[in-house]
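Read off the chains here:
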Amino acid sequence: MTNRQQEVREFRDEALSLWRITFGPVIWATHFVACYGLTSLICATDGQVDELRLGIGIGTLVALVGIAWLGWQAWRQWDVLHNRDWENDSGTSQDRHQFLGHAAFLLAIISFIGVTYVSLPALLIGTCQ
Amino acid sequence: MNEREHLPVATGPYPPTEEMLAVPVSKEEQERGKAELRAAWKTPEGWRYFSAVNNTEVGVWYCLTAFAFMLIAGLLALAIRVQLAFPDNTFLDADRFNQFFTMHGSAMMFLFAVPMFEAISILLLPAFCGARDMPFPRLSAFGYWCFLIGGCFVLGSLIFDAGPKAGWFMYPPLATKEEGIGPDVWLLGLSFIEVASIAAAVELIVGSLKCRPPGMRVNIMPLYAWYVMVVGGMILFAFPPLIAGDFLFELERSFDWPFFDPTRGGDPVLWQHLFWIFGHPEVYIVFLPSIAIAAMIVPTVAQRPIVGYSWIVLSAVGTGFLSFGLWVHHMFTTGLPQLSLGFFSAASEAVVIPTGIQLFAFVATLMVGRVKMSLPMLWIAGALAIFVAGGLTGVMLAIVPFNWQVHDTYFIVAHLHYTLFGGMVFPVIAGVYYFYPFFRKKLLSETLGRWAFWLIFTGFNVTFLPMHLTGLRGMPRRIFTYPESAGWGTLNMISTVGAFVIAAGFAVFVYDLLRSKKNQPQIPRNPWGAGTLEFSHDVPDEAWGVRSIPHVTSRYPLWEQDKIVERMDAGRYYLPDAPDHQRETIVTSVIDAKPVYVQRVTGPAWITLWAAGFTGGAFIFPTFHMYAPAIVCGAFAIVCVLYWLWTATARPPKDQMRDVGLGLRLPTYASGPDSVGWWAVWITMLGDATAYASLVFGFFFYWTARPDFPPEGAAHPTGLWVACAAAALFLTWALTVTAREVNRRGGVALARGALLVAMAAAAGGAASLAASVTALDPTTHVYPAIMWALMVWVVVHVGAGVIMLGYCLAGSLFGKLTSLYDADLQNVTLFWHFLVLEALVTATVLGLVPGWLA
């Protein structure tokens, strides 16, 4: 096997977990930029925020469902209830795999909280000014 | 065409078994290995010492220089405090006061906080990773010399009374209209240093991804390496918007292109966006690596593995992400819609969660361990106390109505100093005490250390705690004096006294650091009883990094892997010798750290100094509007870099394979994603694309923010020329990819032809793009100006792309680049992947978007 193939296989093994780690925060970032960008546009033009708030509400629900699904997948990858290994601190491929699941799970929680926080102003503030 | 050849691959047993590791190494064998390594890694002596590029030398110079700049910035702060001690004081006039506070902030940020992180990481990261050196030592050295030249230039402007005086954030229009060369010094000098910072960030990311010892999978990496990756990534996405902003700003200052001038369609708020998209993550760029130092000290002090390793990794990554969503909290009073402010207020509160998790993990580790209040731990404890106080005022400031009340008052000054002193200065000093025995093989004084701590800790609180009140009582920031009737005199006097107590503490610390320690006995090897690899170092000092590169299977190998140090010392592990007297280190795979190849590491050289000097000229001459010498310097800088690459990197090796020990044989050359160079290009181009995206953001920002964008009846770029440019640059990219593929299959002549045509096509593309905007006058309105700016950006990059293609062509003609050894061509193709994207987006913005907007 060439080096390239070896590294490609290593990446393929963990591709899913790497995507999981990235996607939680990426959903947070996309949601954030969409909220901010849409609000800037609408407040700079007609200032009609009712549809905007509804849109942000729907977008938030979609984002939260997406993150929750990622979190669930990551939780299963971490597999802590099965083997009770909280630390995943040995140099084996199983521990590496579960560690990446754990990290992705925790990031999903942070992203979930982040998205919830960012959507609160749209729930509470009903005007551009 | 020939059948495709492959580079050889690793052969032999891996991972090593316990039996293999238990085989003793003969005394003669050990001595031979040591002698060879000593010869390969010898530090140059006499005046040649300054041609050294090894991380242990460059890292120490870098740390000392950043520390010296900090002391100078600290003296400026003292002068500021003296001026503010009494009402109506005349110690400094307004002009000098403005220069001093601007330079205090700028120097602390750009000449101390960020470079200090990179300096410490260059010094320590290879040791954490059991690597011999960083992957690109000459790049570290180049970055260091750039930093030294740029730093002296920027700080030196104060001596000539020519320093910038519009504040470290350089808000236009104050800064764009400022007389003299101050803002140019700031913009060009600091852009130059930012380039060096990005170079170091690239090196550090590649170092922690690819230069870990065999077996050190991602789940057992030292936390410091995780933080380096996160912070390196943040630098890549945070600094480029500022570089893009600097680019626009300097075009306005030098050529009157009105990006920030509202009378001609510009908008000063764009600068604030670009500045704070950099400026807020910057706070975390400064904070995270210092917390990483704490993450290394705390387990040692507690004598047990860190609690919640995965939680800390998650917090570092999470903080890195969330910190990008906070920039507008510096802009709460610029009149943005309330709803928008709400998003940023909420995101600012959310970032507390991952930040808090890290602190709780440290506290938990200390609670379950057997803690001894050693000197490094004392500083960490002080850091936690101060940082938590700063974090609490941070939560207050994230609330919009409170923020409006204290905006631009001394409350902000108090808050930011609490976060930065607690989050950066204290942990870094803790790190100095903790790692001093590693890099100097001596210990600092326990007594002096405690004196320094209590002086700085007390002085700090005496200075900055009252400032919360001064701010709440209405004292604005950045005023050079105030009337007695304002009633701020007593509080300011207390702060000034405190500032001198801090200074006394630093004096003790500096004395301890620099005093002669000749009479101190030799220290034990691992004085703190740490568990990570850096404390397997040799005492007395050896320049080879690690005697042999170990196979690592746990997070704290010195605690958990029996006999590891003994075996490293005996040369039982990998690369225990250097038969050719060449500097080498092992490059491993990204996730599981399996050995991939042996990287030749470059040795001492003067060329890096020359390159840095000429690069400095290219940035410094334009400050004085001397463009001809700047261009000459730029050209010489390019020649120096090309010479350095040509003579030292990616040359076909003498032997294809190298016996690295324990029966394992590794190749000595790699190209494409295996190689460290490919990763470096990839990471650099991510940063470059971010800067470019910031310019495009500017275009759309003007479109949303300004009703007159584009202005009625404006001239647009010529569609035909834009189309020609897009076609030609796309062709260049296609030819480059073709050249890479046919070269790999042995079609060397065809590849050379493709490269030659690609160079011509690229030149044609650049010329077409320039021609498309020549009818527009960039000084009349921001619309033509941003079109020109996009054109200039792409044309300059195409220039670099043409040089790279020429370099590959020359490599092919002179035998440096063959069908087997094609790393250069792989890397250049990667560069063109990014460039063709930037070119096509530019063509869309120049050629199509105006039609859509109409």
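Nothing here was measured: the structure is a model prediction, and the numbers come from that model.

Definitions and limits used
- Residues numbered from 1 in each chain as written.
- Chains lettered and ligands numbered in written order.
- Predicted model: local features only at pLDDT ≥ 70, side-chain atom pairs only at ≥ 80, totals over all residues.
- Heavy atoms only, no water.
- Helix = DSSP H or I, 4+ residues; strand = E, 2+ residues; numbered from the N terminus.
- Rg over C-alpha atoms; globule rule 2.2 N^0.38 Å.
- Contact = heavy atoms within 4.5 Å.
- Areas by Shrake-Rupley, 256 points an atom, 1.4 Å probe, with all protein chains shown as cover.
- Lys, Arg positive; Asp, Glu negative; His and termini not counted.
- Charge placed at Lys NZ, Arg CZ, Asp CG, Glu CD.
- Buried < 20%, exposed > 50% of the residue type's maximum accessible area, 1.4 Å probe, protein only.
- Core = buried A, V, L, I, M, F, W, Y, C linked by side-chain atoms within 4.5 Å.
- Domains from an automatic or database assignment.
- Buried area = accessible area lost by both parts, 1.4 Å probe.
- Salt bridge = Lys/Arg side-chain N within 4 Å of Asp/Glu carboxyl O.
- Pairing = 2+ DSSP bridges.
- Disulfide = S-S within 2.5 Å.
- Axes fitted to C-alpha atoms, helices over the stretch in contact; angles between N-to-C directions.
- Parallel < 35°, antiparallel > 145°, perpendicular 65-115°, else oblique.
- Left-handed = near helix turned anticlockwise from the far one by under 90°.
- Nonpolar A, V, L, I, M, F, W, Y, C, P; charged D, E, K, R; others polar.
- UniProt positions renumbered as here; feature names shortened; annotations may be inferred.
- pLDDT = per-residue confidence, 0-100.
- Phe/Tyr/Trp six-rings, centres within 6.5 Å; stacked < 30°, edge-to-face > 60°.
- Lys NZ or Arg CZ within 6 Å of the ring centre and 35° of its normal.

Novice: What exactly am I supposed to notice about the overall build of chain B here?
Specialist: A count of helices and strands for chain B gives 26 helices and four strands. Computed over C-alpha atoms, the radius of gyration of chain B comes to 28 Å, within 12% of the 29 Å expected from 2.2 N^0.38 for 854 residues, which places it in the range of a compact globule. Taking the principal axes of its C-alpha atoms as reference, chain B extends roughly 80 × 75 × 50 Å. Across chain B, every contact between residues at least 6 apart in sequence was considered, and the portion connecting residues at least 24 apart equals 81%. Carbon and sulfur atoms provide 68% of the accessible area of chain B, an area that totals close to 29500 Å². Counting 50 positive and 56 negative side-chain charges, chain B places the averaged centre of each group 8 Å from the other.

Novice: So what exactly am I meant to see when it comes to the overall build of chain A here?
Specialist: Counting its regular elements, chain A contains four helices and zero strands. When its helices and strands are written in sequence order, chain A yields α-α-α-α. The 129 residues of chain A split such that 42% are buried. Long-range pairs, those at least 24 residues apart, make up 71% of the contacts in chain A between residues at least 6 apart in sequence. Of the roughly 6700 Å² of accessible surface on chain A, a fraction of 67% belongs to carbon and sulfur atoms.

Novice: Would you mind showing me how to read the nonpolar core here?
Specialist: One broad rule of soluble globular proteins: the nonpolar side chains tend to lie buried together. Residue and element names in this part refer to chain B. In this structure, Tyr224, Phe259 and Trp379 are the most contacted members of the largest nonpolar core, which totals 308 residues. There are two domains that each give this core at least three residues, and those are domain 1 (17-209 + 536-670) and domain 2 (693-853). Other than its neighbours up to four places away in sequence, Phe259 contacts Leu248, Leu251, Glu252, Gly266, Asp267, Tyr702, Val782, Ala785, Ile786 and Ala789.

Novice: Looking at this model, I keep getting lost on the interface of chain A and chain B. Mind explaining?
Specialist: It is common to give the size of an interface as the accessible area lost on bringing the parts into contact. Taken together, the contacts link 50 residues of chain A with 56 residues of chain B. Each partner contributes to the roughly 4400 Å² buried at the junction of chain A and chain B, and carbon and sulfur atoms together form 69% of this total. On the surface where chain A and chain B come into contact, there are one salt bridge. Between Asp592 of chain B and Arg96 of chain A there is a salt bridge, and its shortest N-O distance comes to 2.4 Å.

Novice: How should the pairing of strand β2 (residues 595-600) of chain B be read in this particular structure?
Specialist: The side chains of a regular strand alternate, residue by residue, between the two faces of the sheet. Residue and element names in this part refer to chain B. Of all six residues making up β2, five are buried, and the element is well covered by its neighbours. As defined by bridge partners, strand β1 (residues 584-588) adjoins β2 across five bridges and the pair is classed as antiparallel. Counterpart to Val587 in the pairing with β2 is Tyr597. Hairpin connection from β1 to β2: six residues lie between these consecutive antiparallel strands, with Ala593 at a positive phi of about 55°.

Novice: Where do I start with the state of the cysteines in this structure?
Specialist: Covalently bonding the sulfur atom of one cysteine to the sulfur atom of another cysteine gives a disulfide. Tallied over the full model, the rule gives one disulfide over all chains. In this model Cys43 of chain A forms its disulfide with Cys128 of chain A; the gap between the sulfur atoms is 1.9 Å. Judged by the sign of its S-S torsion, about -85°, the cystine formed by Cys43 of chain A and Cys128 of chain A is left-handed. Residue Cys43 of chain A is found in helix α1 (residues 3-44), and its partner Cys128 of chain A is found in the segment after α4 (93-124); the two are separated by 85 residues along the sequence. You can call Cys128 of chain A buried: its relative accessible area is 8%. Cysteine Cys129 of chain B shares no disulfide, and the gap to the nearest cysteine sulfur, in Cys211 of chain B, comes to 7.8 Å. Given a relative accessible area of 2%, Cys129 of chain B falls into the buried group.

Novice: Honestly, the packing of helix α9 (residues 268-302) of chain B against helix α12 (residues 352-368) of chain B in this entry has me stumped. Any pointers?
Specialist: To describe two helices that pack against each other, one gives the angle between their axes and the distance between the axes. Residue and element names in this part refer to chain B. Viewed as axis vectors pointing N to C, α9 and α12 meet at an angle of 15°, and their least axial separation amounts to 9 Å. The angle between α9 and α12 places the two elements in the roughly parallel class. Both α9 and α12 take part in a crossing whose hand is left-handed. Of the residues in α12, those touching α9 at Tyr284, Phe287, Leu288, Ile291, Ala294, Ala295, Val298, Pro299 and Ala302 are Thr355, Gln358, Leu359, Phe362, Thr365 and Leu366. Looking at the contact of α9 with α12 residue by residue, the class counts come to twelve nonpolar, three polar and no charged.

Novice: For this particular structure, what's the right way to read the UniProt feature "transmembrane region" (unreviewed entry) in chain A?
Specialist: Residue and element names in this part refer to chain A. Following the UniProt record, the feature "transmembrane region" (unreviewed entry) maps to residues 26-45, 52-72 and 99-125 here. Along residues 52-72 the backbone is 100% helical and 0% strand, and the end-to-end C-alpha distance reaches 30 Å. Within the segment residues 99-125, helix and strand shares are 96% and 0% respectively, and the terminal C-alpha atoms sit 40 Å apart.

Novice: What am I meant to see in the environment of Gly799 of chain B here?
Specialist: Residues and elements named next belong to chain B. With respect to the helices, strands and loops of the structure, Gly799 is situated in helix α25 (residues 782-813). A residue is classified by how much of its surface remains accessible, and Gly799, at 31% relative accessible area, is partly exposed. In sequence terms Gly799 and Met367 are 432 residues apart; their C-alpha atoms lie 58 Å from each other.

Novice: Is there a simple way to think about the environment of Leu7 of chain B in this case?
Specialist: Residues and elements named next belong to chain B. By the element assignment, Leu7 lies in the segment before α1 (18-22). In sequence terms Leu7 and Ser671 are 664 residues apart; their C-alpha atoms lie 8.8 Å from each other. Leaving out residues up to four positions away in the same chain, Leu7 has contacts with Tyr669, Ala670, Ser671, Leu820 and Tyr821.

Novice: Which parts of the structure should I look at to understand the packing of α9 of chain B against helix α22 (residues 676-705) of chain B?
Specialist: Residue and element names in this part refer to chain B. Two elements in contact, α9 and α22, have axes whose closest approach is 11 Å; the angle formed by their N-to-C orientations is 145°. You can see that α9 and α22 cross each other, and the crossing is right-handed. Taken together, the residues of α22 that come into contact with α9 (itself represented by Val269, Leu270, His273 and Leu274) are Ser694, Phe697, Gly698, Phe701 and Tyr702.

Novice: Explain the confidence of the model for chain B here, please?
Specialist: Caution is warranted with low-pLDDT regions, since their predicted coordinates should not be read in detail. For chain B, per-residue confidence averages 94 on the pLDDT scale, and 99% of positions sit at 70 or higher. Interface confidence in the predicted complex, given as ipTM, is 0.90; pTM for the same model is 0.94.

Novice: Is there a simple way to explain the side chain of Asn827 of chain B in this structure?
Specialist: Relative to the helices and strands, Asn827 of chain B is located in helix α26 (residues 823-853). With sequence-adjacent residues up to four places away left out, Asn827 of chain B is seen in contact with Gly677, Trp678 and Val681 of chain B.

Novice: Mind showing me how you'd approach the packing of aromatic side chains here?
Specialist: Residue and element names in this part refer to chain B. Enumeration over the complete set of coordinates arrives at 85 aromatic pairs over all chains. Ring geometry for Phe239 against Phe278: centres 5.2 Å apart, planes inclined by 85°, an arrangement best described as edge-to-face. With Phe239 in helix α8 (residues 223-255) and Phe278 in helix α9, this residue pair connects regions lying 39 residues apart in the sequence. Take Phe239 and Phe278: they sit in the same class, and that class is buried. Taking the centre distance of 4.6 Å and the plane angle of 40° together, the rings of Phe421 and Phe460 count as tilted. Taken together, the residues Phe421 in helix α15 (residues 410-440) and Phe460 in helix α16 (residues 446-472) connect sequence positions 39 residues apart. Residue Phe421 shares its accessibility class with Phe460, and that shared class is buried. Three or more aromatic residues joined by ring pairs make a cluster, and in this case those are Phe67, Trp379, Tyr418, Phe421, Phe426, Tyr433, Phe453, Trp454, Phe457, Phe460, Phe464 and Phe509. The ring centre of Tyr309 lies 3.6 Å from the NZ or CZ of Arg555, which sits over that ring.

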